[in-house]
Amino acid sequence: TLFRSKRVYLQRHLAEKLMSLETPEPREEDLEQLEKLRALCGAELHALNLTHQRCHFDVFELVSKLPRLQDLRITYNVLNAAVSFKQEMIGMKQNDVLSIQRLLKTYAPLTTLHLTGNRIDSLLLKAILVGMVRNSTLQHLDLSHNLIDDDGVSALSVILMKKDSTLQTINLSNNTIRAEGAKLLGKALGVDYCKITKFSIRMNRIGDSGGERFFHFFKHNTSVRELDVACNDLGPESAEALSNCLQAGTSALNSIDISCNRLDNEGGRLLLLGLQGSPNLSTLDVRQSGLNASDVVSINELTYDRSQALKMKATAAIEAQLAKEREWYVADRIRRTHGDWQQ
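Residues numbered from 1 in each chain as written. Predicted model: local features only at pLDDT ≥ 70, side-chain atom pairs only at ≥ 80, totals over all residues. Heavy atoms only, no water.

### As for the pairing of strand S2 (residues 71–76)
Stated formally: Each residue gets one of three labels from its accessible area relative to the maximum for its type: buried under 20%, exposed over 50%, partly exposed in between, using a 1.4 Å probe on protein chains only. Each helix corresponds to a stretch of at least 4 residues labelled H or I by DSSP, and each strand to a stretch of at least 2 residues labelled E; elements are numbered beginning at the N terminus. When DSSP finds at least two bridges between two strands, those strands are taken to pair.
Among the six residues in S2, five count as buried, and that is most of the element. Bridging between strand S1 (residues 47–53) and S2 involves five bridges; their strand directions are parallel. Note that in S2 the partner of Ala47 across the bridge is Asp71. Where S2 and strand S3 (residues 112–114) come together, three bridges link them in parallel fashion. Bridge pairing in S3 links Leu72 to Leu113.

### Quick word on a nonpolar patch on the surface
This is how it is decided: Residues with no salt bridge and a relative accessible area higher than 30% make up the patches, which join like charges within 9 Å and nonpolar side chains (Val, Leu, Ile, Met, Phe, Trp, Tyr) within 5 Å. Per-residue and other accessible areas were derived by the Shrake-Rupley procedure at a 1.4 Å probe size, with only the shown protein chains allowed to occlude residues. Salt bridge, as applied in this entry: a Lys or Arg side-chain nitrogen positioned within 4 Å of an Asp or Glu carboxyl oxygen.
Side chains of Trp328, Tyr329, Val330 and Ile334 sit close together on the surface and give an oily, nonpolar patch of about 420 Å² of accessible area. Examined against the element boundaries, Val330 turns out to sit in helix H11 (residues 293–338). Owing to a relative accessible area of 45%, Val330 belongs among the partly exposed residues under this scheme.

### Some words on helix H10 (residues 264–276)
Note the threshold: Take the number of residues in a helix, subtract one, and multiply by 1.5 Å to get its expected span. Whether two residues touch is decided by their heavy atoms; if any such pair falls within 4.5 Å, the residues are in contact.
Between the first and last C-alpha of H10 there are 19 Å, a value that for 13 residues agrees with the 18 Å anticipated at 1.5 Å per step. When H10 is considered as a whole, its buried residues turn out to be Gly267, Gly268, Leu270, Leu271, Leu272, Gly274 and Leu275. Here the buried face of H10 lies against helix H9 (236–247), strand S9 (283–285) and H11.

### Section: the nonpolar core
Rule in force here: We call a set of buried residues a nonpolar core when its members are Ala, Val, Leu, Ile, Met, Phe, Trp, Tyr or Cys and they connect through side-chain atoms within 4.5 Å of each other.
With 86 residues, the main nonpolar core has Leu72, Phe199, Phe214 and Ile258 as its most contacted residues. For Phe199, the residues in contact, after removing those within four places along its chain, are Ile170, Leu172, Leu185, Leu189, Phe214, Glu226, Leu227 and Asp228.

### Notes on the sheet that holds strand S7 (residues 226–228)
To keep it simple, the criterion reads: Angular values range over 0 to 180 degrees, each being the angle between N-to-C directions of two axes fitted as lines to C-alpha atoms, with helices fitted over their stretch in contact.
Strand order in the open sheet formed by nine strands is S1-S2-S3-S4-S5-S6-S7-S8-S9, and the pairing between neighbours is parallel. The outermost strands of the open sheet, each flanked by one partner alone, are S1 and S9. Averaged over all pairs of adjacent strands, the angle between their axes in this sheet comes to 5°, without regard to strand direction.

### Comments concerning the packing of H9 against H10
Rules: If an angle is under 35 degrees, it is roughly parallel; if it is over 145, roughly antiparallel; if it lies from 65 to 115, roughly perpendicular; otherwise it is oblique. Just so you know the grouping, Ala, Val, Leu, Ile, Met, Phe, Trp, Tyr, Cys and Pro go in nonpolar, Asp, Glu, Lys and Arg go in charged, and all remaining residues, Gly too, go in polar.
Relative orientation of the contacting elements H9 and H10 amounts to 5°, with a least axis distance of 8 Å. In terms of axis orientation, H9 runs roughly parallel to H10. Across the interface between the two elements, Pro236, Ala239, Glu240, Leu242, Ser243, Leu246 and Gln247 of H9 pack against Asp264, Gly267, Leu270, Leu271, Leu273, Gly274 and Leu275 of H10. Residue classes in the contact of H9 with H10 are distributed as eight nonpolar, four polar and two charged.

### A closer look at the side chain of Asp295
Threshold: When charges are tallied, Lys and Arg are placed among the positive residues and Asp and Glu among the negative ones, while His and the ends of the chain are skipped.
In this fold, Asp295 is placed in helix H11. The buried charged residue Asp295 lacks any salt bridge, with Arg269 as its nearest oppositely charged partner at 7.0 Å. In this structure Asp295 touches Asn265, Gly268, Arg269 and Leu272, once residues within four positions along its chain are discounted.

### Digging into the environment of Phe218
Within the secondary structure, Phe218 sits in helix H8 (residues 207–218). Residue class for Phe218 comes out buried when judged on its relative accessible area of 1%. The residues touching Phe218, leaving out its near neighbours within four places in the chain, are Gly186, Leu189, Val224, Leu227, Cys245 and Leu253.

Given below as structure tokens:
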């Protein structure tokens, strides 16, 4: 606990120092202070969270000298700019992207990268993805709240279809992905060697046709456990495709968020059929999607019963493990006190 508290303090101290830099580019004295701070606490840092970074320092030069950094989260914006606010204060620049690219190419410890709210468009995304071509360590990628469109998704899908890809979670919420991009993502997730376990395409307006194409290819996926397609203007065709996907019997999904869409009564009936045919699915969020009230009640009751059954199963497994450990402990104490009592 003491070492963890020390690590958390040092991580926060470095983050606050970086976020306190107000000039667009770091000054010489800033670089000297950062170097001293890095030398002091660099070996202890496992995570760096920069929620409102204004100064565009060289991320690669800093992180490459932190030997154990696994989690990097950075958002370029400003707080309390008032009347001095300018558009260029928000988002990543080309140099920032190239620095991230170098990091992905050569820095092995990094497993988590969050680049939310950085105004990353498809051109900047492609530059980042160049660094992921040979990357074999990154597991979690968050690109939510950016400006990525179908062109950028096309490049990302190529990375996802690599057999040696290590990505496990991807968040593409609140971008500008449409139907074609959804189809490409569905194809990428549908390959039999996909390792993604959690995927979000929330708030992208892929439309009913885009949702139908996505689920048509997604039905071959056997790895994704959590899927978020909320707020995408999906309709009955998407609900039918998802229902067929669930009834296929190969889905690993245990949680789906399809809320805030336009599924209507027919979509609700189809989702209920899909839920009944997918025993692993214990969470299905259908709020604000225009479903019949009776279907909503049936869906909620079925998912509640399944979630309760899973909790009971998990509790029983924990109790069995504790009982086994208690038995071993008692036997070990007897053996230490009286010798091998089983002889």
